[in-house]
Amino acid sequence: MSVNMLYPEYEIIRNEDRCITCRVCERQCANDVHQLISGTNRMTSDESKCVNCQRCVSLCPTRALKIVKTNNTYKENANWRAQTIREIYRQADSGGVLLSSMGNPENYPVYFDRMLLNASQVTNPSIDPLREPMETKVFLGAKPQSIERDHNGRLINNLSPFLTLSMPVMFSAMSYGSISYNAHECLARAAETLGIYYNTGEGGLHEDLYQYGKHTVVQVASGRFGVHPDYLNAGAAIEIKMGQGAKPGIGGHLPGSKIVGDISRTRMIPEHSDAISPAPHHDIYSIEDLRQLVYSLKEATQYQKPVIVKIAAVHNVSAIASGIARSGADIIAIDGFRGGTGAAPTRIRDHVGIPIELALASVDQRLRDEGIRDRVSIIAGGSIRSSADVVKAVALGADCVYIGTAALLAMGCHLCRSCHAGRCNWGIATQVPDLVKRLNPEIGYKRLVSLMSAWQHEIKEMMGGMGINSIESLKGNRLMLRGIDLNQKELEILNIKHAGE
Ligand code: SF4
Ligand code: SF4
């Protein structure tokens, strides 16, 4: 059986009365779905190629198109879902590992949706953010254990290097290669305008973007692509990627077809060679080894840059985080199992790891219990979808959050989850020059700034409602959260009370 014999997942409905045969859909679809029927004035569609990216629907000038999920179905079976059957057919056909993009779409509990925020009523009155100052500024890095003074009583600056953010949100790691140059430019410019940071991911830093270094986190992953002294010194912080939420425990693979031109130069590998990051760092097998790398990177940057260690949220995450806090890292980034990616084996993406909410709560609690919470800041990532998720993450103990998918959506992504195919119709997850041009950096950058500005307003409103005027007072303030529809164990791990209590 060939994959093409599978009934298409989507149906394209074209309203013939509205269609003016302008052929915009044909020109805009990189998957060759639409075509003029030769010798006629009518269009046709090959639905087997449709990934439901919504490009044609969005750009059709007469709203003649609609994409719907097919209602063709296999015989009802609660155990063997249609998706499971289709995947078996695909693997029987190809013999290959199933690949997917973006985050885990399976129906696991979303704990952010099972937590409710507090609001002040009579005592401890709420604050109107339009009239009162509200502080959303965040500092990331190790906090000094005590205040020190010299013999004249003057304060000694014993601060470790830190990052200053105007709000508790950063753009998460997305490599140049997995996303386009234009997408990286949007993120870099938006980070600068907003006073936050974006992250190079593991693909190195294009020379044009060095100018945004003060708002860049440069990543060092197991493949060490594009890592050299200038790169390390160009960023405001360095992130060691030990793991990522979308594919915990495995490495990365960017196919040779995407390693072209500037990408090959920036990654410092030959054109058309596969960029394979090994699953482990081959020099890290213990916390002591990690410590060596943390201090090598600090040494290489004259102890001027904070070092972030990024891990995937997995079992025993709090013990792992405790070790990282003792390794000399300044910041721990924890990536939950809903985190997005350009390409991951489907089984790993959908079945490995744990939700960020549980991981974050247990890490924050463990570091507090061990008296080392001030040694590190915590960044939480893995499907932060709104300002409410940001506020809940901070109340659970995060200093700030990483957003990836939300930033891509702001730039035009329609979550078709086909990034691994490299033909993103929105110019984001592609290196095809004609497709890359579709993302206008000026527009993409402005949309990111707008999104973050809107979130900042909403964060202030929610804080004001709780009677809190500084994000620092919200951090780890779990009294501001109540659980709904959670069992006793979940409430215990989140360390929050149930709604009504
Ligand atoms: S873009 Fe719309 S109007 Fe133009 S050919 Fe396609 S369906 Fe018809
Ligand atoms: S980045 Fe592009 S290919 Fe990836 S999910 Fe979004 S629209 Fe689809």
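Above this note sits the structure.
Attention in this report is confined to the structure presented alongside it. (Residues numbered from 1 in each chain as written. Chains lettered and ligands numbered in written order. Predicted model: local features only at pLDDT ≥ 70, side-chain atom pairs only at ≥ 80, totals over all residues. Heavy atoms only, no water.)

**Examining the overall build of the protein**
Helices and strands together make up the secondary structure of the protein, namely 16 helices and 23 strands. Relative to a compact globule of 501 residues, whose C-alpha radius of gyration would be 23 Å, the protein shows 24 Å and is just as compact. Put simply, the protein has 501 residues, and 51% of those count as buried. A sequence separation of at least 24 residues applies to 69% of the contacts in the protein between residues at least 6 apart. (Helix = DSSP H or I, 4+ residues; strand = E, 2+ residues; numbered from the N terminus. Rg over C-alpha atoms; globule rule 2.2 N^0.38 Å. Buried < 20%, exposed > 50% of the residue type's maximum accessible area, 1.4 Å probe, protein only. Contact = heavy atoms within 4.5 Å.)

**Structural notes on the sheet that holds strand β20 (residues 377-381)**
A sheet is described by the order of its strands in space; here 8 strands give the open sequence β11-β21-β20-β18-β17-β14-β13-β12, paired in parallel fashion. Two strands lie at the open edges of the sheet, namely β11 (169-171) and β12 (198-199), each paired on one side alone. Where β20 lies against strand β21 (residues 400-403), 2 bridges are found, and the strand directions are parallel. The residue bridging Ile379 from the neighbouring strand is Cys400, located in β21. The strands touched by helix α10 (residues 356-369) are β18 (331-335) and β20; relative to β20, the strand with the most contacts, the crossing angle is about 170°. (Pairing = 2+ DSSP bridges. Axes fitted to C-alpha atoms, helices over the stretch in contact; angles between N-to-C directions.)

**Thoughts on the site of ligand 2**
Around ligand 2, the neighbouring residues are Met102, Cys413, His414, Leu415, Cys416, Arg417, Ser418, Cys419, Cys424, Trp426, Ile428 and Ala429. Residue composition of the shell around ligand 2, by class: 9 nonpolar, 2 polar and 1 charged. (Near = heavy atom within 4 Å. Nonpolar A, V, L, I, M, F, W, Y, C, P; charged D, E, K, R; others polar.)

**Some details on the pattern of salt bridges**
Counted according to the given criterion, the structure contains 30 salt bridges. Asp399 is paired through a salt bridge with Arg373; the nearest N and O atoms lie 2.7 Å apart. Of this pair, Asp399 sits in the loop between α11 (387-396) and β21 while Arg373 sits in the loop between α10 and β20, and the two are 26 residues apart along the sequence. Judged by its relative accessible area of 4%, Asp399 is buried. In this structure, a network of salt bridges that share partners links the residues Asp364, Arg368, Arg373, Asp399, Glu472, Lys475 and Arg478. (Salt bridge = Lys/Arg side-chain N within 4 Å of Asp/Glu carboxyl O.)

**Focus on helix α7 (residues 287-300)**
Between the first and last C-alpha of α7 there are 20 Å, a value that for 14 residues agrees with the 20 Å anticipated at 1.5 Å per step. When we look at burial in α7, the residues that qualify are Leu290, Leu293, Val294, Leu297 and Lys298. For α7, the angular spread of the buried residues around the axis is 135°, confining them to a single face. Exposed residues lying more than 90 degrees from the buried face of α7 are Glu288, Gln292 and Glu299. In this structure, the buried side of α7 is in contact with β13 (216-220), α5 (229-234), β14 (237-241), β17 (307-312) and α8 (317-325). Count one or two residues on from α7 and you reach Gln302, which has phi positive near 55°. (Expected span 1.5 Å × (residues − 1). Arc of directions from axis to C-beta.)

**Comments concerning α11**
Of all 10 residues in α11, 9 are buried; the element is thus mostly enclosed. Within the sequence span of α11, burial applies to Ser387, Asp389, Val390, Val391, Lys392, Ala393, Val394, Ala395 and Leu396. Among the residues of α11, the N-terminal cap falls to Ser386, whose side-chain oxygen and the backbone nitrogen of Ala388 are separated by 3.2 Å. (Polar contact = N/O pair within 3.5 Å; in protein donor to acceptor, adjacent residues only side chain to side chain.)

**Structural notes on the site of ligand 1**
Ligand 1 sits among 13 residues. The nearest are Arg14, Cys19, Cys22, Cys25 and Cys60. In terms of residue class, the shell around ligand 1 is built from 9 nonpolar, 2 polar and 2 charged.

**Here's the deal with a nonpolar patch on the surface**
A surface patch of nonpolar side chains, amounting to about 290 Å² of accessible area, comprises Trp80, Ile88 and Tyr89. Relative to the elements of secondary structure, Tyr89 occurs in helix α3 (residues 82-94). The class of Tyr89 is partly exposed, set by a relative accessible area of 32%. (Patch = residues over 30% accessible without salt bridge, like charges linked within 9 Å, V, L, I, M, F, W, Y side chains within 5 Å. Areas by Shrake-Rupley, 256 points an atom, 1.4 Å probe, with all protein chains shown as cover.)

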